[in-house]
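What the coordinates show
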Number of protein chains: 2
Amino acid sequence: MAGICWTQETLRVAGVCERGFTVERNGHIIPGVLWHPSQPAGPRPLVLMGHGGGAHKRNERMLMLGRMFSVDYGWCAAAIDGPVHGARGPVTDASDPAYRQMWQRPEIVQEMIDDWQATLDALSTLRDVDTTRVGYWGVSMGTMFGLPYVASDPRVRVAVLGKAGMSGSSVQRSGIDTHFKTYAPRVTTPVLFVMQWDDERFERDGQLDLFDRLGAKDKRLHAYPGQHADNGPEAFEVQTAFLKRYLERTEA
Amino acid sequence: MAGICWTQETLRVAGVCERGFTVERNGHIIPGVLWHPSQPAGPRPLVLMGHGGGAHKRNERMLMLGRMFSVDYGWCAAAIDGPVHGARGPVTDASDPAYRQMWQRPEIVQEMIDDWQATLDALSTLRDVDTTRVGYWGVSMGTMFGLPYVASDPRVRVAVLGKAGMSGSSVQRSGIDTHFKTYAPRVTTPVLFVMQWDDERFERDGQLDLFDRLGAKDKRLHAYPGQHADNGPEAFEVQTAFLKRYLERTEA
């Protein structure tokens, strides 16, 4: 089982600890961040968070969610850099040619699945983490990698996915539709799929098609007006309530 | 302004009062039910509830929602019988020929709009009702009548609509698509539109089309697997949280 290596001083902000870490897998290094409440309270749910294209493990959205999950809900949360993103550089914008080149590597999706699995292996060694209550949150590139991962790791019990689909410019340059065809039917964990009604990168029908393909019987689609980067006014609150419903309920 | 006439002893169940009433409009009688918390606490939000085809103001769904809104949220709630439904009989099932005949009357939608407006006029005279915080909840027939009503009465500040659309067998026998074309763009209040992904009465594309036509900038679509009568596991909880967000927030 992979070990975890802490890389930074713990940053304590308003009741939450934020710690950089790395996990090694087959000789390459996966850089991550873990958020958890300052006050120890025994094993708690963990949300794995996949960032968007051109972003990184500690971007504004990851910070907002990681801190909210820890402060408001008392959970752990973790993000890792995607391939060629963040500390695995050089991509800082999805228009970078290296972004398209990343998708041209046939094994890229499987590598990211393996990275997430190694990360969860490592995080599972922490006493703060309840390995029976693990969720995933990731949209856009966080779904392009995250949907195949969620489909592949039965430890993930609930997932927020979306802002992705079977057609559109982002599909043309990534070829992700092939992977979605393979993995979407294998997603059997409860899913909230979010989409933007006027998404300029993923076509409306293609997003509806991807929702339709999800193998989960327990799934729901939430759609809001606006483009790819927009969000409904209550979107994050509702997504978190959804995760809470499945991460905190008593298993039969 | 129309007056309210109480028709029944107040039924007190677990913290909620349930009272039958009638409102007269142009010589015809609109039968209704009002739910409100037993403990007086000043003016509070009011949710108007439109029942489905073949149902009535006091059916299981109306009772469940009316009591939940009152007990768990401290709101008032009211339901009225639709035309030829409940105490305005004879329809007890949407397969009754009288149901189809109802829709053949060209003025039926405007009459129900007028009925709802007269009902809200009457309920507005009650000191328990805060007329600045009025919501609407109604799906299926509750949207076929309710969407035109919500589009026509600016006193309604938030609405849960859905399980209806521009095509399907229920549209063929009602001709409601014509009304939806007229009224959907006029709905400007915040809307949560719910749909069933495998609805056998309203086609999927026609429901998405109706959501698309809604004039509200602030709208969201929630879709769950299953047929017309099914509901997502958290559907009512999420719908109520949506109403709460708009009925209890402080207006700027």
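Everything quoted here is computed from the prediction, not taken from an experiment.

1. Focus: the relation of the copies chain B and chain A
The relation between the two chain copies is a rotation about an axis coupled with a shift along that axis. The two copies are related by a screw motion: chain B maps onto chain A through a turn of 180° and a shift of 0.0 Å along the axis, at an RMSD of 0.0 Å. On this basis, the relationship between the two copies can be described by a two-fold rotation axis. The C-alpha atom lying nearest the rotation axis in chain B is that of H222 of chain B; the distance is 2.3 Å. When you check the interface residues of chain B against chain A, 100% turn up at the interface there too, and the contact is symmetric in its surfaces.

2. Some words on the confidence of the model for chain A
Put simply, chain A has an average pLDDT of 95, and 98% of its residues get 70 or more. Taken over the whole predicted complex, pTM reads 0.94, whereas the ipTM for its chain interfaces reads 0.93.

3. Structural notes on the pairing of strand β8 (residues 156-162) of chain B
Residue and element names in this part refer to chain B. The buried count for β8 comes to 6 of 7 residues, which makes it a mostly enclosed element. Note: strand β7 (residues 129-138) against β8, 4 bridges, orientation parallel. Within β8, the position partnered with Y136 by the bridge is A159. Note that β8 and strand β9 (residues 191-196) share 4 bridges and pair parallel. Each residue of the ladder has a partner; that of V160, found in β9, is L192.

4. Considerations on the nonpolar core
One finds L48 and W103 of chain A together with L48 and W103 of chain B to be the most contacted residues of the largest nonpolar core, which totals 119 residues. Setting aside residues no more than four positions away along its own chain, W103 of chain A makes contact with I108, V109, M141, M144, F145, R173, S174 and I176 of chain A.

5. Digging into the packing of helix α3 (residues 108-123) of chain B against helix α7 (residues 176-183) of chain B
Residues and elements named next belong to chain B. Where α3 contacts α7, the axes come no closer than 11 Å and their chain directions differ by 55°. As judged from the angle between their axes, α3 and α7 are oblique. Taking contact as the criterion, the partners of V109, Q110 and I113 in α3 are, on α7, I176, H179 and Y183. Along the lines of polarity and charge, the residues of the contact of α3 with α7 split into 4 nonpolar, 2 polar and no charged.

6. Regarding the side chain of K163 of chain A
Residues and elements named next belong to chain A. If you trace the backbone, K163 turns up in the loop between β8 (156-162) and α6 (169-174). The buried charged residue K163 lacks any salt bridge, with D199 as its nearest oppositely charged partner at 6.6 Å. Here the side chain of K163 touches D230 through a polar contact of 2.8 Å, landing on its backbone oxygen. In this structure the side chain of K163 is engaged in a polar contact, spanning 3.0 Å, whose partner is the side chain of N231. Among residues more than four places away in sequence, those in contact with K163 are V139, S140, V194, M195, Q196, D199, F202, Q207, H228, A229, D230 and N231.

7. Remarks on the interface of chain B and chain A
If you look at the interface, chain B gives 21 residues, while chain A gives 21 residues. Overall, the association of chain B and chain A removes approximately 1700 Å² of surface from exposure, summing both partners, and the carbon and sulfur fraction of that is 55%. Our count for the chain B to chain A interface comes out at 6 salt bridges. Here D212 of chain A makes a salt bridge to R204 of chain B, at a shortest N to O gap of 3.3 Å. Counting only elements with at least two residues in the side of chain B that touches chain A, the list comes to α8 (204-213), β10 (219-224) and α9 (235-247) of chain B. Top element by residues in the side of chain B that touches chain A is β10 of chain B. It accounts for 6 residues.

8. Some details on the side chain of D115 of chain B
All names here are of chain B. The residue D115 is located in helix α3 in this model. In terms of polar contacts, D115 uses its side chain to reach the side chain of R88, at 2.7 Å. Other than its neighbours up to four places away in sequence, D115 contacts R25, H28, I30, I80 and R88.

9. Quick word on unusual backbone geometry
Residues and elements named next belong to chain A. Going from G89 to P90, the amide bond is cis rather than trans, its omega being 5°. With respect to the helices and strands, the residue P90 is situated in the loop between β6 (76-80) and α2 (97-104). For V84, which is not glycine, the phi dihedral falls at a positive 55°. For V84, the position within the fold is in the loop between β6 and α2. Relative accessible area serves as the criterion here: at 18%, V84 is assigned to the buried category. A positive phi is found at S140, a non-glycine position, where the angle reads about 60°. Taking relative accessible area as the criterion, S140 reaches 12% and is therefore assigned buried.

10. A word on the pattern of salt bridges
As a working rule, side chains carrying opposite charge can pair if their charged atoms are close by. All names here are of chain A. Taken as a whole, this structure holds 38 salt bridges over all chains when the rule is applied. The salt bridge involving E248 is made with K244; its shortest N-O contact spans 2.9 Å. Overall, K244 belongs to the partly exposed group, its relative accessible area being 34%. What emerges from the salt-bridge pattern is a single network uniting R25, R88, D114 and D115.

11. Observations concerning α3 of chain B
When the terminal C-alpha atoms of α3 of chain B are compared, their 22 Å separation across 16 residues agrees well with the 22 Å that a helix rising 1.5 Å per residue should span. Taken residue by residue, α3 of chain B has I108, V109, M112, I113, D115, W116, A118, T119, L120, A122 and L123 of chain B as its buried positions.

12. Considerations on the packing of aromatic side chains
Under the counting rule described, the total for this entry stands at 24 aromatic pairs over all chains. Judged by centre distance (4.9 Å) and plane angle (90°), the rings of W197 of chain A and F211 of chain B are edge-to-face. Placement of the pair is W197 of chain A in the loop between β9 (191-196) and α8 (204-213) and F211 of chain B in helix α8, with the two residues belonging to separate chains. Overall, F211 of chain B belongs to the buried group, its relative accessible area being 0%. One aromatic cluster in this structure is built from F69, Y73 and W75 of chain A. For R19 of chain A, the ring lying beneath its charged end belongs to W6 of chain A, and the centroid distance is 3.8 Å.

Rules used in this analysis
- Residues numbered from 1 in each chain as written.
- Chains lettered and ligands numbered in written order.
- Predicted model: local features only at pLDDT ≥ 70, side-chain atom pairs only at ≥ 80, totals over all residues.
- Heavy atoms only, no water.
- Least-squares fit on C-alpha atoms with pLDDT ≥ 70 in both.
- Contact = heavy atoms within 4.5 Å.
- pLDDT = per-residue confidence, 0-100.
- Buried < 20%, exposed > 50% of the residue type's maximum accessible area, 1.4 Å probe, protein only.
- Helix = DSSP H or I, 4+ residues; strand = E, 2+ residues; numbered from the N terminus.
- Pairing = 2+ DSSP bridges.
- Core = buried A, V, L, I, M, F, W, Y, C linked by side-chain atoms within 4.5 Å.
- Axes fitted to C-alpha atoms, helices over the stretch in contact; angles between N-to-C directions.
- Parallel < 35°, antiparallel > 145°, perpendicular 65-115°, else oblique.
- Nonpolar A, V, L, I, M, F, W, Y, C, P; charged D, E, K, R; others polar.
- Lys, Arg positive; Asp, Glu negative; His and termini not counted.
- Salt bridge = Lys/Arg side-chain N within 4 Å of Asp/Glu carboxyl O.
- Polar contact = N/O pair within 3.5 Å; in protein donor to acceptor, adjacent residues only side chain to side chain.
- Buried area = accessible area lost by both parts, 1.4 Å probe.
- Expected span 1.5 Å × (residues − 1).
- Phe/Tyr/Trp six-rings, centres within 6.5 Å; stacked < 30°, edge-to-face > 60°.
- Lys NZ or Arg CZ within 6 Å of the ring centre and 35° of its normal.

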